[in-house]
Amino acid sequence: MDYFSYKKGKLFAEGVDVERIAAEVGTPVYIYSKATFKEHLKRIGKAYGEIDTTICYSVKACGNINILRFMAEAGSGFDIVSGGELYRVLQAGGDPSKIVYAGVGKTNKEIAEGLDADIAYFNIESEAELENLIRLAEQQGKQTRAALRVNPDVDPKTHTYITTGMRETKFGVDIERAQKVFAGYAGNSSVSLSAVHVHIGSGGKTIEPYCEALEKTLSLIDKLRSQGHTIEAIDLGGGYGADYESDTVPSAADYAGGIVPLLRDKGLKLILEPGRSIAANAGILLTKVLYLKTGGGKKFVLVDAGMNDLIRPPLYDAFHFIWPAQVEEKLVPHRRDRDLQLAGTEVVDVVGPICESADFFAKDRALPPVKRGDLLSIFTAGAYGFSMSSNYNARGRAAEVLVDDSKFAVIRKRESYEDMTALER
Ligand SMILES: *Cc1c(COP(=O)(O)O)cnc(C)c1O
């Protein structure tokens, strides 16, 4: 679900005509719907209401501090993967006791910052990291908690670049090794190793891999408890599907339907780290058609956004639904999916201006006819859109706009040439 919809052939973000935003802020521009973020958060909270759950929104999906601020106000915790993300969360007023920190390569500086902030859990990815955390906590005279990230060896059957829970991965430790780690370190007085973390990767379209991972992890927790260890919490990570195409992934309630019964009466607190399932369809990337061109029998729609703004199509082979922001009533899309067939469309490639053939948003896609100056919406761009953007080709990063009902505000200015060169002077 989301609050982007067509009214009389014009695309609205909540109560705001996106054309108005383009006129005031320019393009390309990321447009976010506050109500969509909050609704997703609320639905997840409701789905898991029966158990003690902390939702830690994954900052790397979309980490503008203005977004983090209203998420914190709505009760969200945060999943971070760097000192920079910790800084963002603290700037936004996030509650440190609801921060979990994952990442295979935490530096001493980053660990010290996490200790200073008194975050809830360090999610530990290796014994070497745990030893280092213990050393630094002792040095700083701090006490903290850690969750061991385990690999349940399940395959969510998505792109290999976003699969993280198989046995041969750089993330976490395998289930057998986990028992050794607990045996070696669980008694430490500075770092209480008292939780298990599992994150199998992102974008699966069924709940089965999650249930399988949870079952394997629960049997590990049973073993650990029988060996005398105290396990307070299980962190199930993120990766819950987002509707890049209408109604193609399980809802929060569907996931909870499989997960909650397995956790009943286990005496475990639950931590969730959803990123894309909250942010993805809470944002669009609005871009303008610069030129139309034909080459070798193909039609190209050249737009002013590029792979520096949204890299998901070339990086992950990701699908993003694309449609003009203004169309005749009969061309309003009733669904967003790759097979949408409407009379009057033509097949085109939507490409950006960057000097790379990987700079595309869609290939062989049916679109209503467009002309120079028309606006196109690239949907479901809220997660891993702006946060993965760059200055490649010396292009300033796009502006970010937050819509709240019938109002909108620029929450990050478009980068200027001066902004891009400031650190080089
Ligand atoms: C990226 C990440 C997430 C969020 O993944 P989504 O697919 O955006 O839900 C959660 N936890 C960890 C450890 C991650 O690395």
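About the criteria used
- Chains are numbered independently. Their residues run from 1 in the order of the written sequence.
- Since the coordinates come from a predicted model, pLDDT governs what is reported: local features require at least 70, and pairs of side-chain atoms require 80 or more to be given and counted, while whole-chain, interface and lining totals use all residues.
- Only hydrogens and water are set aside when side-chain values are computed; all heavy atoms of the structure are taken into account.
- Under the DSSP-based scheme used, a helix requires at least four consecutive residues in state H or I and a strand at least two consecutive residues in state E, with every element numbered from the N terminus.
- Remark: exposure states derive from per-residue accessible area (1.4 Å probe, protein chains only) relative to the maximum for the residue type, with buried under 20%, exposed over 50%, and partly exposed in between.
- Two N or O atoms form a polar contact when they lie within 3.5 Å of each other; inside protein one atom must be a possible hydrogen donor and the other a possible acceptor, and for residues adjacent in sequence the pair counts only when both atoms belong to side chains.
- The contact definition used throughout considers only heavy atoms, calling two residues in contact when any of these lie within 4.5 Å.
- Strand pairing is defined by DSSP finding a minimum of two bridges between the two strands.
- Multiply 1.5 Å by the residue count of a helix minus one, and that product is the helix's expected span.
- What fixes the domain bounds is an automatic or database domain assignment.
- Buried area, as used here, totals the accessible surface that two parts lose on assembly, with accessibility defined by a 1.4 Å probe and the loss added over both.
- Amino acids are sorted into nonpolar (Ala, Val, Leu, Ile, Met, Phe, Trp, Tyr, Cys and Pro), charged (Asp, Glu, Lys and Arg) and polar (every other residue, Gly among them).

Chemist: Talk me through the side chain of H320; I want residue IDs and the actual numbers.
Modeler: Examined against the element boundaries, H320 turns out to sit in the loop between α11 (312-316) and β16 (322-324). Classification of H320 as buried rests on a relative accessible area of 0%. A distance of 2.9 Å separates the side chain of H320 from the side chain of R312, its partner in a polar contact. Polar contacts involving the side chain of H320 include one to the main-chain carbonyl oxygen of T380, which spans 3.3 Å. Ignoring sequence-local partners within four residues, the contact set of H320 consists of Y244, L310, R312, P313, R365, I378, F379, T380 and A381.

Chemist: Could you give an account of the pairing of strand β11 (residues 191-197), naming the residues involved and the relevant values?
Modeler: If a strand is regular, its side chains alternate between the two faces of the sheet. Burial within β11 is extensive, with six of its seven residues counted as buried. Bridge count for strand β9 (residues 144-151) against β11 is six bridges, and the pairing is parallel. The partner of R149 across the bridge, within β11, is H197. The pairing of β11 with strand β12 (residues 233-235) spans three bridges and is parallel. Bridge assignment links H197 to a residue of β12, and that residue is D235.

Chemist: Can you break down helix α8 (residues 208-226) residue by residue, with the values?
Modeler: With 19 residues, α8 extends 27 Å between its outermost C-alpha atoms, agreeing within 8% with the 27 Å of an ideal straight helix rising 1.5 Å per residue. Among the residues of α8, those classed as buried are P209, Y210, C211, A213, L214, T217, L218, L220, I221 and L224.

Chemist: Give me the lowdown on the domain arrangement of the chain, citing residues and values where you can.
Modeler: Splitting the chain by domain gives domain 1 (4-32 + 280-424) and domain 2 (34-277). Placing the centre of domain 1 and that of domain 2 at their C-alpha centroids yields a distance of 32 Å. Of the residues lining the interface, 27 residues belong to domain 1; the matching set on domain 2 comes to 23 residues. Note on domain 1 versus domain 2: buried area summed over both sides is about 2,300 Å², and carbon and sulfur give 52% of it. Per-residue buried area on domain 1 facing domain 2 is highest for N281, Y316 and Y384; these three make up 24% of the total on that side. Summed over the shared surface of domain 1 and domain 2, the result is 15 residue pairs in polar contact (both at pLDDT 80 or more). Contributing elements (two or more residues each) for the side of domain 1 that touches domain 2: α11, β20 (399-404) and β21 (407-412). When the residues that make up the side of domain 1 that touches domain 2 are grouped by side-chain class, the tally is eleven nonpolar, six polar and ten charged.

Chemist: Give a detailed account of the pairing of β21, specifying residues and quantitative values.
Modeler: By the bridge criterion, five bridges tie β20 to β21 in an arrangement that is antiparallel. If you follow L402 over to β21, its bridge partner there is A409. The turn linking β20 back onto β21 is made up of two residues, and D405 within it adopts a positive phi angle of 65°.

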